[in-house]
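# Observations on the model geometry
Chain by chain, the residues run as shown.
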Amino acid sequence: MEELSLLWILSAMSLLCCSTNQVHLTMSPSFSQLFEDDSLSLSCEEDDGSSGWTLKRNTTKRQRTQCGFGWGRRAGSSCTISLTVPWDSGVYWCESRDGSTSNSITITVTGGAVILQSPVLPVMEGHDVFLHCQTKTPPSNPSAKFFKDGVFIGTEPTGHMTIHHVTKSDEGLYKCHISSHGESPPSWIYVTEKPTTISPPPLTSAAPLQSTTSLESTLSTTSTTPLHPWFRLILHLVVFCPYFISTVLVVSLYRHRPTVSMASGTQDFDKAVVVSTVHHF
């Protein structure tokens, strides 16, 4: 029990380490629990084709040991363990020469008779999770009870449980129990949040464009509708009358300008000239 507690502490410490997106650690079979004497293969999958990644692990016995030195068989950036033993339980990750690390994987190897096959990698929100409570000896698919964080969540007659459309609340420590066989070790199931998609804000010119289009459509419809003859006559009169009235006013004002006064002034001026002439003689 103390070894399991230490294992979870090591797992938590590994999650706090800095990681990089250049490499991803994968495992086959992709289950977090294995029986003793099972085989497994781990691989550092690189995004950019770089090399130099080494598989390392922390166990309850030794810390930060790399594949090929006391455990596993290394082939490039991969590592194979042919026959697992309980002290292979631990936290595994890929590490580069400069100290960059990948995601980590927690593996439990048990000498018991029951394991819980659960995803070794985090599950994204909205996906389904498949759990399988399996025995090392027949029957391989007996009725099993499942627990989450120590709380009973259901019994499945075939030993298979599916959690549909997982959310963050489904994250936790799971285990199963098979009558007359025993209980599996616990395994933590991680749930990652679904990435959110940010929609661009709507264009502010969309509404005016729509209004303009509607107005143009209305004007087009109105212009193609034939007008009544009387209405057309009234329309021409309304347009023509202001111009006609203004023209009449201008002509009238011009004809009645003060020309008479000017003529009268001219006649008086002539009389004055005549009178002054007469007096002069």
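The rules behind the values
Residues numbered from 1 in each chain as written. Predicted model: local features only at pLDDT ≥ 70, side-chain atom pairs only at ≥ 80, totals over all residues. Heavy atoms only, no water. Phe/Tyr/Trp six-rings, centres within 6.5 Å; stacked < 30°, edge-to-face > 60°. Helix = DSSP H or I, 4+ residues; strand = E, 2+ residues; numbered from the N terminus. Buried < 20%, exposed > 50% of the residue type's maximum accessible area, 1.4 Å probe, protein only. Lys NZ or Arg CZ within 6 Å of the ring centre and 35° of its normal. 1 Å grid on protein atoms, 1.4 Å probe; cavity = no way out; pocket = protein on both sides within 12 Å on 5 of 7 lines; lining within 4 Å. Points joined across faces, edges and corners; volume = space filled by probe spheres on them. Pairing = 2+ DSSP bridges. Axes fitted to C-alpha atoms, helices over the stretch in contact; angles between N-to-C directions.

Next up on the list: the packing of aromatic side chains. Applying the stated criterion across every chain, the model contains 3 aromatic pairs. Taking the centre distance of 5.6 Å and the plane angle of 80 degrees together, the rings of W71 and Y92 count as edge-to-face. Taken together, the residues W71 in the loop between β5 (65-66) and β6 (73-75) and Y92 in strand β8 (residues 90-95) connect sequence positions 21 residues apart. Y92 matches W71 in its accessibility class, with the two residues each being buried. Between F147 and F152, the aromatic rings sit 5.7 Å apart at their centres with planes inclined by 65 degrees, giving edge-to-face as the arrangement. Overall, the relative accessible area of 16% leaves F147 in the buried class. Positioned over the ring face of F147 is K175, at 6.0 Å from the centre of the ring.

Moving on, we come to empty space enclosed by the protein. For the structure on display, the rule yields 1 cavity of 30 Å³ or more. One number sums up the size of the largest cavity: a volume of about 30 Å³. Lining the largest cavity, in full, are W53, T54, L55, C67, R74, G76, S77 and S78.

Our next topic: the sheet that holds strand β15 (residues 160-163). Read from one edge to the other, the open sheet built from 3 strands follows the order β10-β12-β15, with strand pairing classed as antiparallel. If you trace the sheet from one side to the other, it starts and ends with β10 (114-117) and β15, each paired once. For this sheet, the mean angle separating the axes of adjacent strands, direction not counted, is 15 degrees. Looking at chain direction, β10 and strand β12 (residues 129-135) are connected through 4 bridges and run antiparallel. Bridge assignment links I115 to a residue of β12, and that residue is Q134.

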